[in-house]
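Close look at the chain arrangement
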Amino acid sequence: MTAEGNGKKKIPKLMIVVPCYNEEAVLPISSRLFLTELEDLIAKRKVADESQILLVNDGSHDETWGIIRELADNDEHFLGLSLSRNYGHQNALLAGLMEAKDKADITISIDCDGQDDVKAMEAMVDAYAKGSDIVYGVRSRRDTDSTFKKKTAEGFYRFLQWLGADVVYNHADFRLMSRRALDELANFKEANLFLRGMVPLIGLHSTSVYYERKERLAGKSHYSFSRMCSFAADGVTSFSVKPLRIITWLGFLVALISFIGVIWAFITAISGNVVPGWASMTCIICFVSGVQLICLGVMGEYIGKIYLEVKERPRYIISERTWIDAPGSVWKR
Ligand code: UDP
Ligand code: MG
């Protein structure tokens, strides 16, 4: 329900959703930042007194879950949710959002490392009050990222847009979503999650707020170069069949080149000059087999995706909650 739908009377209950994986170094600092901002929003009467922060432990191997439990024990603003193993950033975030959707009117998802500016939350809540169901946090600058990360990330957004996936340029997973938007997101059943591509598909009224992305407060990024590449491949193959179409066009192009090659071979053959040409033949064979292998790889990516989707495995399994609101909701040995 949008604020407008509420006649702007009700102060919305906010749930800040934070996925955390091996974040023992940063969580004690960033949790305080989140709490200060939440208290500030409550004091300004922008969000309801019962607003909370939901910390999702994505199968961490360090003290992260211990820290979350302690926060939840000592302050009722904090809730903790633990997944049975490491499912990855996107799945952990979805788990948190799906838990939060029945508990709050609006959610704001944010990384746990302090890179996203908590101060932008106020503008997001204001945009919701003006009628937006989805508010994207967009990085106005990327000064703190390395040039390599900046260029590859920006190139990736452009590439995705060119492929036809409707992603918001320079927006990651810092966003506000209303309960209505989350109810719609719950109907997206895919196992391959790429939330920043899925959320724009929901439609509804949406807008953006701009913030400056900072450096991590502590700890280091979990996205290595290879993980970034596989995330990018997921993004492309989950949202566009254009690569398959490109393969078809490539096939036509190679067929055309081969046709010209055949005419050329024919002409050289009748002119009696047959022996030279070994090098050019080798080059053509290498080129064509390279193209074929790439095309097979791209198709394999899609078949792999179908394979993962048809199995319909759960996208995450919750092992523990720090609250009890339904029988059997706390799993303990
Ligand atoms: N994260 C997670 N599960 C993972 C990897 C990361 O929940 O398997 C969380 C992590 O704790 C952080 C957010 O996802 O809150 C973004 O991760 P990170 O800061 O490492 O990514 P980057 O900002 O470098 O893209
Ligand atoms: Mg980060």
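Heads up: these notes are all about the structure in this document. Counting starts from 1 at the beginning of each chain's written sequence and moves along it residue by residue. Whichever chain is written first becomes A and whichever ligand is written first becomes 1, with later ones labelled in order. Totals for whole chains, interfaces and linings use all residues, but because this is a predicted model, local features are given only for residues with pLDDT of at least 70 and pairs of side-chain atoms are given and counted only at 80 or more. By convention in this description, side-chain values take in all heavy atoms of the structure and omit both hydrogens and water.

For the rest of this paragraph, the subject is the pattern of salt bridges. Basic side-chain nitrogens of Lys or Arg form a salt bridge, by our definition, when they fall within 4 Å of a carboxyl oxygen of Asp or Glu. For the structure shown, the criterion picks out 15 salt bridges. Across the pair E320 and R69 runs a salt bridge whose closest N-O atoms are separated by 2.4 Å. Remark: R69 occurs in helix α2 (residues 64–74) and E320 occurs in strand β8 (residues 318–321); sequence separation between them is 251 residues. Among the ionic pairs, D133 bridges to R180, the shortest N-O distance being 3.5 Å. Highlighted residues: D133 in the loop between α4 (120–129) and β5 (134–141) and R180 in helix α6 (residues 179–185), separated in sequence by 47 residues. The cut-offs for exposure are 20% and 50% of the maximum accessible area for each residue type, with area from a 1.4 Å probe on protein chains only; residues under the lower value are buried, those over the upper are exposed, and the others partly exposed. Judged by its relative accessible area of 38%, R180 falls in the partly exposed class. Within the structure, one salt-bridge network assembled from shared partners comprises D40, K44, K46, E122 and D126. Only DSSP runs of H or I reaching four residues or more are called helices, and only runs of E reaching two or more are called strands; each is numbered from the N terminus.

Turning our eyes to something else, we now look at the coordination of the magnesium ion (ligand 2). Here the coordinating atoms are restricted to nitrogen, oxygen and sulfur within 2.8 Å of the metal centre, or 3.2 Å for Na, K and Ca, and because water is not among them the sites may look incomplete. Here the magnesium ion (ligand 2) is held by the protein donor atoms D113 (OD) and Q115 (OE1), which lie 1.9 to 2.0 Å from it. According to the relative accessible area criterion, D113 is buried, its value standing at 4%.

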